[in-house]
Amino acid sequence: MSQSRRLLKSIPTRPISSIHRPQPKSPLPPTTPSSTFHTTPPRPIDTSPPAPPSTTTLLFSENQPPTLPPRAALLLPTWHPTPSGKGLTRTFTFRSFSAAWTFMSLVAEECKVQKHHPSWSNAYNRVTVEWTTHRPEGLSVKDVEMAEFCDRVAGGMGVKA
Ligand SMILES: C[C@H](O)[C@H](O)[C@H]1CNC2=NC(N)=NC(=O)C2=N1
């Protein structure tokens, strides 16, 4: 008998099924028989269509003129209340980056005059503008005036959207 055969013969053979393998630990507790389960029945799955975009009501700063809410309402087809309701936002799309940059420069000049500044961002030909007032917190006449100013400037530049 060759050496390798002798070696093999010396290893006791056991049927695979008798070899103990530790069972992988389940992260879940052991299952309980369903008859002993006492939880509320599962909620039915909601198949209704997603809600339309939020129609958040605007929250105005204190001491605003009574003409402000209807004036702000005129902006709502193109401007949208921010999630808090304390601001208005609109994305302008221009024909080029250069036009977007010109728009921002013109609005920035007016911001210096009015001492009122937007949160805004630019990506290529798009500019997203948000107006809100920090003190007194909410939407103020300055925000509405600046939103109107943005519309006038963008309109004069042939904004796409
Ligand atoms: C003193 C100064 O006028 C204020 O801090 C201004 C500056 N620009 C501002 N900009 C905007 N959007 N909201 C403000 O409340 C505000 N406050």
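Quick look at the structure, then. No experiment lies behind these values; they were computed from the predicted model shown. (Residues numbered from 1 in each chain as written. Predicted model: local features only at pLDDT ≥ 70, side-chain atom pairs only at ≥ 80, totals over all residues. Heavy atoms only, no water.)

Let's talk about the pattern of salt bridges
This is how it is decided: The working definition used for a salt bridge is a side-chain nitrogen of Lys or Arg within 4 Å of a carboxyl oxygen of Asp or Glu. Each helix corresponds to a stretch of at least 4 residues labelled H or I by DSSP, and each strand to a stretch of at least 2 residues labelled E; elements are numbered beginning at the N terminus. Each residue is assigned to one of three classes by its accessible area relative to the maximum for its type, calculated with a 1.4 Å probe on protein chains only: buried under 20%, partly exposed between the two thresholds, exposed over 50%.
One pass over the full model with this rule turns up 4 salt bridges. A salt bridge links R71 to E148, with the nearest nitrogen and oxygen atoms 2.7 Å apart. Separated by 77 residues along the polypeptide, R71 in helix 2 (residues 68–73) and E148 in helix 4 (residues 141–156) bring together distant segments of the chain. Judged by its relative accessible area of 28%, R71 is partly exposed.

A closer look at the packing of helix 3 (residues 97–114) against helix 4
To keep it simple, the criterion reads: The convention used is that axes are lines fitted to C-alpha atoms, helices contributing only their stretch in contact, and that angles between N-to-C directions extend from 0 to 180 degrees. An angle counts as roughly parallel when it lies under 35 degrees, as roughly antiparallel when it exceeds 145, as roughly perpendicular when it falls between 65 and 115, and as oblique in every other case. Should the near helix be turned anticlockwise from the far one by less than a right angle, the crossing is termed left-handed; should it be turned clockwise, right-handed. Note on contacts: a residue pair is in contact if any heavy atoms of the two residues lie within 4.5 Å. In this classification, the charged set is Asp, Glu, Lys and Arg, the nonpolar set is Ala, Val, Leu, Ile, Met, Phe, Trp, Tyr, Cys and Pro, and all remaining amino acids, among them Gly, are polar.
With their axes 10 Å apart at the nearest point, helix 3 and helix 4 run at an angle of 150° to one another. When the interaxial angle is binned, helix 3 and helix 4 end up roughly antiparallel. Crossing geometry of helix 3 relative to helix 4 is assigned as right-handed. From helix 3, F103, L106, V107, E110, C111 and Q114 reach across to helix 4, where they touch K142, M146, F149, C150, V153 and A154. A class-by-class count of the residues in the contact of helix 3 with helix 4 yields 9 nonpolar, 1 polar and 2 charged.

Quick look at the pairing of strand 4 (residues 126–132)
Using the following cut-off: Strand pairing is assigned whenever DSSP detects at least two bridges linking the two strands.
Where strand 2 (residues 87–93) lies against strand 4, 7 bridges are found, and the strand directions are antiparallel. Following the sheet pairing, T89 is matched in strand 4 by E130. Two elements, strand 3 (residues 119–123) and strand 4, share 5 bridges in a ladder whose sense is antiparallel. The partner of W120 across the bridge, within strand 4, is V129. Linking two consecutive strands that pair antiparallel, namely strand 3 and strand 4, is a turn of 2 residues; a positive phi of about 50° is found at Y124 within it.

A few points about the sheet that holds strand 4
In any sheet, the strands associate via hydrogen bonds between backbone groups, in a parallel or an antiparallel arrangement. Strands sit in the order 1-2-4-3 across an open sheet of 4 strands; the sheet is antiparallel. Looking at strand neighbours, the two that pair on one side only are strand 1 (80–81) and strand 3, the edges of this open sheet. Contacts from helix 4 reach strand 2 and strand 4, with the element oriented near 160° to strand 4.

Here we look at the site of the ligand
Inclusion rule: For each residue, the test is whether any non-hydrogen atom lies within 4 Å of the molecule or strand; if one does, the residue is near. Pairs of N or O atoms are called polar contacts if they sit within 3.5 Å, as long as, within protein, a hydrogen donor faces a hydrogen acceptor (for residues adjacent in sequence, only side-chain-to-side-chain pairs). To measure how exposed things are, a 1.4 Å probe is used in the Shrake-Rupley method; for residues, cover is taken only from the protein chains shown.
Within the structure, the ligand sits among K115, H116, H117, T132, T133, H134 and R135. The contact in question runs from a nitrogen atom of the ligand to an N or O atom on the backbone of H117, over 2.6 Å. Within the backbone of H134, a nitrogen or oxygen atom sits 2.8 Å from an oxygen atom of the ligand. Contact with the protein chains removes 57% of the 390 Å² of surface that the ligand exposes when unbound.

Everything listed here is a matter of coordinates, which is why it stays silent on function.
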